[in-house]
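Summary of the model geometry
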Amino acid sequence: MKSARKGTALIHEVRSTEVPYGTLAIWFLGQESVIIKGDGITVYIDPYVSDFLDRNGPVRSYPAPIIPEDITGADLCLITHEHDDHMDEGTLTVFHAQNKEAPIIAPACCRQELLRMGVEGAGILTANAREARELFSKLRLTVIPAAHEELEQDENGYERSVGYVLELNGVTLYHAGDTVIYPGLADRLAEIAPDVAMLPINGRDYFRREKGIIGNMNYREAAELAVRIGAETVIPLHYDVFAGNSEKPGYFVDYLYEHYPEQKCHVMARGERFVYVSARAFV
């Protein structure tokens, strides 16, 4: 009951939060699960807030800040890839039932699984890296291919794993999804020069790969990428939910402090609301 009350309070905070132009409100739900809100639009990215994996795989290190039943009033859901801690059946079945009008954008390979979960076909949109998409007359969405740990495409050329660039309320935010750095990624993102870059830091190694745990960039690579692409602020992700696939975000902060002390970063607390203010929006 205590966690449910906290979740209710957090969702009330999401509903009641309105931020001015040039800002975005961001809530961190763990792993790579976040809520983004700006200009009245509420976006969930990789919502994983159920105990689904507790029954079918690794146990969470801590309870999610909300439960699936808390999620109402969503306008859009973005899925980066098909892994259970990103495309969570326990969350998405409830999400869709309670937010029927909210499209779910996901890689093409996720479609059949989403249909099996009960998501209506008309509500599933394919993440397409070939063209940007305008939504709600307020949000411009660009899909960035992700390499988890390799770049993979289906027979129609659609990526298996993706990240997203959201241009909303005068702020440009990049959520990398699960990815390593591959040739051309830094150059593409440098052209975008996101205000906020949300990057995984848990890394990868032989022994995790041996167990079937596919990895990402590590904290050094994430720090270097943030600087290379000109991100105004960088937020680390994917370091906290599973003890066997985690990282200490302090290492990421220390690396930036020692090598790039002028690079802004923010480590989000569980369930925190962080309001990002872009100086660029007023230049």
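Right, let's walk through the structure included here. (Residues numbered from 1 in each chain as written. Predicted model: local features only at pLDDT ≥ 70, side-chain atom pairs only at ≥ 80, totals over all residues. Heavy atoms only, no water.)

Comments concerning the pairing of strand β8 (residues 139-145)
For β8, a buried count of six out of seven residues is recorded, marking the element as mostly surrounded by other parts of the structure. Relative to β8, strand β7 (residues 133-135) runs antiparallel, the two sharing three bridges. When the sheet's bridge partners are listed, R133 is paired in β8 with L141. Between the end of β7 and the start of β8, which pair antiparallel, lie three residues, with F136 showing a positive phi angle near 60 degrees. Sheet analysis places β8 next to strand β9 (residues 162-168), joined by seven bridges and oriented antiparallel. Looking at β9, one finds that T142 is bridged to V165. (Buried < 20%, exposed > 50% of the residue type's maximum accessible area, 1.4 Å probe, protein only. Helix = DSSP H or I, 4+ residues; strand = E, 2+ residues; numbered from the N terminus. Pairing = 2+ DSSP bridges.)

Considering the layout of surface pockets
The computed volume of the largest pocket comes to approximately 360 Å³. Contributing to the lining of the largest pocket are 20 residues, with D85, G212, I213, F242 and N245 lying nearest its centre. Class assignment of the residues belonging to the lining of the largest pocket gives a composition of five nonpolar, eleven polar and four charged. (1 Å grid on protein atoms, 1.4 Å probe; cavity = no way out; pocket = protein on both sides within 12 Å on 5 of 7 lines; lining within 4 Å. Points joined across faces, edges and corners; volume = space filled by probe spheres on them. Nonpolar A, V, L, I, M, F, W, Y, C, P; charged D, E, K, R; others polar.)

Re the pattern of salt bridges
Taken as a whole, this structure holds 13 salt bridges when the rule is applied. The salt bridge partner of D39 is K138, with a shortest N-O separation of 3.9 Å. Of this pair, D39 sits in the loop between β2 (33-38) and β3 (41-45) while K138 is found in the loop between β7 and β8, placing the two residues 99 residues apart along the sequence. Here R160 and E82 are joined by a salt bridge, their closest N and O atoms 2.4 Å apart. Of this pair, R160 sits in the loop between β8 and β9 while E82 sits in the loop between β4 (76-78) and α3 (89-98), placing them 78 residues apart in sequence. Residues participating in the shared-partner salt-bridge network are E82, E152 and R160. (Salt bridge = Lys/Arg side-chain N within 4 Å of Asp/Glu carboxyl O.)

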